[in-house]
Amino acid sequence: MRRLLFLSLLVFVFTAGAVPPNQVHLSTTSDPSVNVVVTWQTYDSAPVSVVQYGLTPALGSVVDSLQYTYFGYAGYMHNATLASLTPATTYYYRVSDGVDWSSTFNFTTAPLVGSTSTFTAVAWGDQGYGNGAVPAAAAAINPQIALIAGDLAYSSDEENVDLFFDNIQPIASHAFFMAAPGNHEYVDFGPGSDNLTTYVNRFAFPNNGRYSYLNERTYSINYGNAHFAFLDLGRSAGDERDQVNSSEVAAWLDADLASVPSSIKWLVVVLHFNLYSSS
């Protein structure tokens, strides 16, 4: 009896450790027509951290990724930048920890700035860590970009944050997943919420270049004939703990919108708080 119990325990440990790279999600740090950042998670430190990608499922090109962890998180994050890509082109890719490979996914780069080529965008906010229905429904539309208006996982428990990223993988592994912080990113999104530690380490977004403390939190991108601006307005109006100067965000937005190329038709601002509200 003891021997059988011991053997079953061995099988369990082996199975639990054999988790392939997961929580794969895409973003961009500059121009989504030529720049794609692939981010994923492993529970253990990986001997190798790479992305294979190419124009067919045969792949062919390899790029190394950065592996790191951060305060309060027991797992490891990985991200790799695929640069000098061809606009409006479908690529296939997969990621590896040196032992296992993820599934093979694909994405399509953005059209050139000002292009009138059509694309599909989806938007939502306040998802919560246990909600897989919304990202699954969005994935069924097959969008090229997802615009997330804050309040992501609603939890300071990193295991719940892991579940959030598990739930978004069906859409975020194929579409650019671009988010603006909400007040719950400050209240409960990982143990370093006050400084958005979990947020900035789980995503890779552009540096806005005007106020360094807003890097990856207030930023914009051009996507074909659309311009998307993402705003961080902090915890709430009048909160003494709030680190965000809304006047600086407004000044950034004024300068950002003034610099939009004339070939762009659509201006979209993504933020968590209502611009106008009765309370």
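Residues numbered from 1 in each chain as written. Predicted model: local features only at pLDDT ≥ 70, side-chain atom pairs only at ≥ 80, totals over all residues. Heavy atoms only, no water.

Caption draft 1: Seen up close, the sheet that holds strand S8 (residues 105–108). Taken in spatial order, the four strands line up as S4-S3-S7-S8 in an open sheet, and their pairing is antiparallel. Bordering the open sheet on either side are strand S4 (61–64) and S8, each of which pairs with just one other strand. On average, each strand axis in the sheet is inclined to that of its neighbour by 30°, with strand direction left out of account. Sheet topology places strand S7 (residues 90–96) next to S8; four bridges connect them, and they run antiparallel. Bridge pairing in S8 links Thr-90 to Thr-108. (Pairing = 2+ DSSP bridges. Helix = DSSP H or I, 4+ residues; strand = E, 2+ residues; numbered from the N terminus. Axes fitted to C-alpha atoms, helices over the stretch in contact; angles between N-to-C directions.)

Caption draft 2: Quick look at the sheet that holds strand S14 (residues 266–270). Here we have three strands laid out as an open sheet, ordered S12-S13-S14, and mixed in their pairing. Whereas interior strands pair on both sides, the edge strands pair on one side only; in this sheet they are strand S12 (219–223) and S14. Within the sheet, the average angular offset between the axes of one strand and its neighbour, ignoring direction, is 15°. Strand direction decides the pairing type here: strand S13 (residues 226–230) and S14, joined by five bridges, are parallel. Residue pairing across strands places Phe-228 opposite Val-268, the latter belonging to S14. Running over the sheet, helix H6 (residues 246–258) touches S12, S13 and S14 and is turned about 170° from S13. (Contact = heavy atoms within 4.5 Å.)

Caption draft 3: Structural view of the packing of helix H2 (residues 133–140) against helix H3 (residues 158–172). Look at H2 against H3: their axes get within 8 Å of each other, and the N-to-C directions meet at 5°. As judged from the angle between their axes, H2 and H3 are roughly parallel. Counted together, Pro-135, Ala-138 and Ala-139 of H2 and Asn-167, Ile-168, Pro-170 and Ile-171 of H3 form the full contact between these two elements. (Parallel < 35°, antiparallel > 145°, perpendicular 65-115°, else oblique.)

Caption draft 4: Local environment of H6. Here H6 is 13 residues long and its end C-alpha atoms lie 18 Å apart, about the 18 Å a rise of 1.5 Å per residue gives. What H6 keeps buried is the set Val-249, Trp-252, Leu-253 and Asp-256. Taken around the axis of H6, the buried residues stretch over an arc of 100°, which confines them to a single face. Structural note: H6 exposes Ser-247, Asp-254 and Ala-258 on the side pointing more than 90 degrees away from its buried face. Summarising the contacts, the buried residues of H6 are in contact with S12, S13 and S14. With a side-chain oxygen positioned 2.9 Å from the backbone nitrogen of Ser-247, the residue opening H6 is Asn-245. (Expected span 1.5 Å × (residues − 1). Buried < 20%, exposed > 50% of the residue type's maximum accessible area, 1.4 Å probe, protein only. Arc of directions from axis to C-beta. Polar contact = N/O pair within 3.5 Å; in protein donor to acceptor, adjacent residues only side chain to side chain.)

Caption draft 5: Representation of the packing of aromatic side chains within the structure. This structure, assessed with the given rule, holds 16 aromatic pairs. Pairing Tyr-53 with Tyr-91 gives two aromatic rings, centres 6.4 Å apart and planes at 55°, and the pair type is tilted. Here the residue Tyr-53 occupies a position in strand S3 (residues 50–54), and Tyr-91 occupies one in strand S7, the gap between them amounting to 38 residues. Residues Tyr-53 and Tyr-91 agree in their burial class; the two are buried. Taken together, the ring pairs connect Trp-124, Phe-164, Phe-165, Phe-177, Tyr-199, Phe-203, Phe-205, Tyr-219 and Phe-230 into an aromatic cluster. The lysine or arginine in question, Arg-94, covers the ring of Trp-101, its NZ or CZ lying 3.8 Å from the ring centre. Its end group placed over the ring of Tyr-73, Arg-202 keeps NZ or CZ at 4.4 Å from the ring centre. (Phe/Tyr/Trp six-rings, centres within 6.5 Å; stacked < 30°, edge-to-face > 60°. Lys NZ or Arg CZ within 6 Å of the ring centre and 35° of its normal.)

Caption draft 6: Quick look at the environment of Tyr-43. With respect to the helices and strands, Tyr-43 occurs in the loop between strand S2 (36–42) and S3. Overall, the relative accessible area of 40% leaves Tyr-43 in the partly exposed class. Measuring from C-alpha to C-alpha, the distance between Tyr-43 and Ala-74 comes to 7.3 Å, with 31 residues separating the pair along the chain. Excluding residues within four positions of it along the chain, Tyr-43 makes contact with Val-19, Asn-22, Gln-23, Ala-74, Gly-75, Tyr-76 and Asp-162.

Caption draft 7: Examining the side chain of Gln-127 more closely. Relative to the helices and strands, Gln-127 is located in the loop between strand S9 (121–124) and H2. A polar atom in the side chain of Gln-127 sits 3.0 Å from the side chain of Trp-124. If near-sequence neighbours (up to four positions away) are discounted, Gln-127 is found in contact with Pro-135, Asp-151, Leu-152, Phe-164, Asn-167 and Ile-168.

Caption draft 8: Structural view of unusual backbone geometry. Its identity as a non-glycine residue notwithstanding, Tyr-154 has a phi of 55°, on the positive side. Relative to the elements of secondary structure, Tyr-154 occurs in the loop between strand S10 (145–149) and H3. Even without being glycine, Leu-196 reaches a positive phi, approximately 55°.

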